[in-house]
Amino acid sequence: MNTRIRLALDRTPNTNHTGFYVALAKGFYSQVGLDVELISPDQDDYRTAPARRVSKGEAELAITPSESVVSYQTNGVPLIAVAAVLARDISAIVTLKESGISRPRELDGKVYGSYGARYEDDMIRQLIQNDDGRGQFISHKLGWDGMWRALLTREVDAAWCWSTWEGVQADIEGVDLNQFLFDEYEIPYGYNPVLTAHSQWTEQNGDALRRFLEETAAGYRFAMKNPDESVRLLMKTANHPTLTKRNFLEQSQQLVSGYYLDGEGHWGFMHRNVWVSFVNWMIRNHLLSDREGELIQRMDVDTLFTNKFLDGVPAMLR
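Now for a description of the structure that goes with this document. None of these values were measured; they are calculated from a predicted model.

**What about the overall build of the chain?**
And step 1. Each helix and strand counted, the chain has 12 helices and 10 strands in total.
And step 2. Taken against the 2.2 N^0.38 rule, which gives 20 Å for 318 residues, the C-alpha radius of gyration of the chain at 19 Å falls within 12% of a compact globule.
And step 3. Referenced to the eigenvectors of the C-alpha coordinate spread, the extents of the chain come out at roughly 55 × 50 × 40 Å.
And step 4. Taken across its 318 residues, the chain has 57% of its residues classed as buried.
And step 5. A fraction of 80% describes how many contacts in the chain between residues 6 or more apart in sequence connect residues 24 or more apart.
And step 6. With an accessible surface of roughly 13,900 Å², the chain has 44% of that area assigned to carbon and sulfur atoms.
And step 7. On the chain, the mean spot of the 33 positive side-chain charges and the mean spot of the 43 negative ones are 3 Å from each other.

**Digging into the packing of helix α10 (residues 227–238) against helix α11 (residues 246–256)**
For any two helices packed against each other, one specifies the inter-axial angle together with the distance between the axes.
And step 1. Where α10 contacts α11, the two axes come as close as 9 Å, and the packing angle between them is 125 degrees. The orientation of α10 with respect to α11, classified from their angle, is oblique. Note that α10 runs across α11; the crossing there is right-handed. Here Pro227, Asp228, Val231, Arg232 and Met235 of α10 lie close against α11, whose contacting residues are Arg246, Leu249, Glu250, Gln253 and Gln254.
And step 2. Here the contact of α10 with α11 is built from residues that sort into 4 nonpolar, 2 polar and 4 charged.

**Let's talk about helix α1 (residues 18–25)**
And step 1. Buried residues dominate α1, accounting for 6 of its 8 residues.
And step 2. All of the buried residues along α1 are Thr18, Gly19, Phe20, Tyr21, Val22 and Ala23.
And step 3. Of the residues one or two after α1, Gly27 is the one with positive phi, at around 75 degrees.

**Structural notes on the pairing of strand β7 (residues 138–141)**
And step 1. In this structure, strand β6 (residues 111–114) lies alongside β7, joined through 4 bridges in parallel fashion. What sits directly across from Val111, in β7, is Ile138.
And step 2. In this view, the connection linking β6 to its parallel neighbour β7 by way of helix α5 (residues 120–129) has right-handed handedness.

**Thoughts on the sheet that holds β6**
And step 1. Within the open sheet, the 5 strands sit side by side as β7-β6-β8-β5-β9. Their pairing is mixed. Strands at the two margins of the open sheet, each flanked by one partner only, are β7 and β9 (177–180). The mean inter-strand angle of the sheet, taken between neighbouring strand axes irrespective of direction, is 40 degrees.
And step 2. Pairing geometry for strand β5 (residues 91–96) and β9, over 4 bridges, is antiparallel.

**Let's talk about the environment of Arg105**
And step 1. If you trace the backbone, Arg105 turns up in the loop between β5 and β6.
And step 2. The residues touching Arg105, leaving out its near neighbours within four places in the chain, are Ile128, Asp131, Asp132 and Gly133.

**Description of the nonpolar core**
And step 1. Residues Ile93, Trp160 and Leu288 are the most contacted members of the largest nonpolar core, which totals 53 residues.
And step 2. Looking at this core, the element that brings in the most residues is helix α12 (residues 272–284), giving 6 residues.
And step 3. Residue contacts for Leu288: discarding those within four places in its chain leaves Val70, Tyr119, Val279, Met282, Ile283, Glu294, Leu295, Ile296 and Met299.
And step 4. Leu7, Tyr21, Leu195 and Trp267 belong to the second-largest nonpolar core, a separate cluster that totals 49 residues.

**What to know about the side chain of Asp10**
And step 1. Following the sequence through the fold, Asp10 ends up in the loop between β1 (3–8) and α1.
And step 2. Of the side chains with opposite charge, Arg11 comes closest to the buried, unpaired Asp10, at an N-O distance of 6.3 Å.
And step 3. Of the polar contacts made by the side chain of Asp10, one reaches the side chain of His17; its length is 2.8 Å.
And step 4. Sequence-distant contacts of Asp10, that is, excluding residues within four places in its chain, are made with His17, Pro41, Pro50, Ile63, Trp144, Trp162 and Pro193.

**Focus: the pattern of salt bridges**
And step 1. On inspection of all chains with the given rule, the structure shows 17 salt bridges.
And step 2. Via salt bridges that share partners, Asp44, Arg53, Lys56 and Glu58 belong to a single interconnected network.

**Quick notes on helix α4 (residues 66–74)**
The periodicity of an α-helix, 3.6 residues per turn, causes residues three or four positions apart to be oriented the same way.
And step 1. Counting buried residues along α4, 9 of its 9 residues qualify, which places the element largely inside the surrounding structure.
And step 2. By the burial criterion, the buried members of α4 are Ser66, Glu67, Ser68, Val69, Val70, Ser71, Tyr72, Gln73 and Thr74.
And step 3. One or two positions beyond α4, positive phi appears at Gly76, with a value near 85 degrees.

**Digging into unusual backbone geometry**
A negative phi angle characterises most non-glycine residues, just as the trans form characterises most peptide bonds.
And step 1. Cis geometry marks the peptide bond from Asn192 to Pro193, where omega comes out at 5 degrees.
And step 2. Mapping Pro193 onto the fold places it in the loop between β9 and β10 (194–198).
And step 3. Positioned with a positive phi, Asp45 is a non-glycine residue whose angle comes to about 55 degrees.
And step 4. For Asp45, the position within the fold is in the loop between β2 (34–39) and α3 (50–55).
And step 5. Owing to a relative accessible area of 54%, Asp45 belongs among the exposed residues under this scheme.

Each value, and the rule that gives it
Residues numbered from 1 in each chain as written. Predicted model: local features only at pLDDT ≥ 70, side-chain atom pairs only at ≥ 80, totals over all residues. Heavy atoms only, no water. Helix = DSSP H or I, 4+ residues; strand = E, 2+ residues; numbered from the N terminus. Rg over C-alpha atoms; globule rule 2.2 N^0.38 Å. Buried < 20%, exposed > 50% of the residue type's maximum accessible area, 1.4 Å probe, protein only. Contact = heavy atoms within 4.5 Å. Areas by Shrake-Rupley, 256 points an atom, 1.4 Å probe, with all protein chains shown as cover. Lys, Arg positive; Asp, Glu negative; His and termini not counted. Charge placed at Lys NZ, Arg CZ, Asp CG, Glu CD. Axes fitted to C-alpha atoms, helices over the stretch in contact; angles between N-to-C directions. Parallel < 35°, antiparallel > 145°, perpendicular 65-115°, else oblique. Left-handed = near helix turned anticlockwise from the far one by under 90°. Nonpolar A, V, L, I, M, F, W, Y, C, P; charged D, E, K, R; others polar. Pairing = 2+ DSSP bridges. Right-handed = clockwise from strand over helix to strand, strands pointing away. Core = buried A, V, L, I, M, F, W, Y, C linked by side-chain atoms within 4.5 Å. Salt bridge = Lys/Arg side-chain N within 4 Å of Asp/Glu carboxyl O. Polar contact = N/O pair within 3.5 Å; in protein donor to acceptor, adjacent residues only side chain to side chain.

In structure tokens form, the structure reads like this:
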């Protein structure tokens, strides 16, 4: 009897997810007794966030930013990160170069396209303030699917985008962007995205999770070594309407492959200091509160993530 693992994606299928689709297409999961299903968020028109699917038992795993784990734990739901999908952040706050908004403090009074995540606006406010701005902006909630169009049509002045997706799209379309990186403005942003699970499920299904991570790592290893073939497998297996422009996907795949492994050649491994820095930054800036609204002064990061299910994943040579 195969173990069922439903993985809720954070966005529609893209090159961040290539390793999962390669493992699915090449039968890696089924060979080790796993029945894996990938759930795209547009299947229910983005109504259910990936972490929420896990908390409700509608998925065993989800792809989320690390702050989703923090958010659910402050509300008493023991979600835990079990692997980093990417070894480091690939995101940035972007503006159109033609807008003249060339640094974060110039976002004061401007419209920011928000995804509606719990800590998102707080992080943008802090980004602006760290550049000597007031941190006063208009938050306009949009979905992933409309964000790029909203930026191009000037419906919003800034948006949180990925250099390996929207950044590549901008290059192909000849759109010049300004990019504001969090670490350049003293915000030690954590891992994004991570694989998230309910801690109770991980303890009851540790062996299946280890097999899943091992085969997923093999999928990412294949994607690194065979980017063009991996794009073909992604397009065929995901069969999603957003995956039709092969040239774009190949450029994106080449770029994102450089983010799959950490400096020691590991896929999935999370460094404790990254979690400590981000959580401590959130606490210092009074972003964390419990269910009663009381500020959280201390948080044990070892409850937020674990590498113990990655022990079967070998280091990969670049």
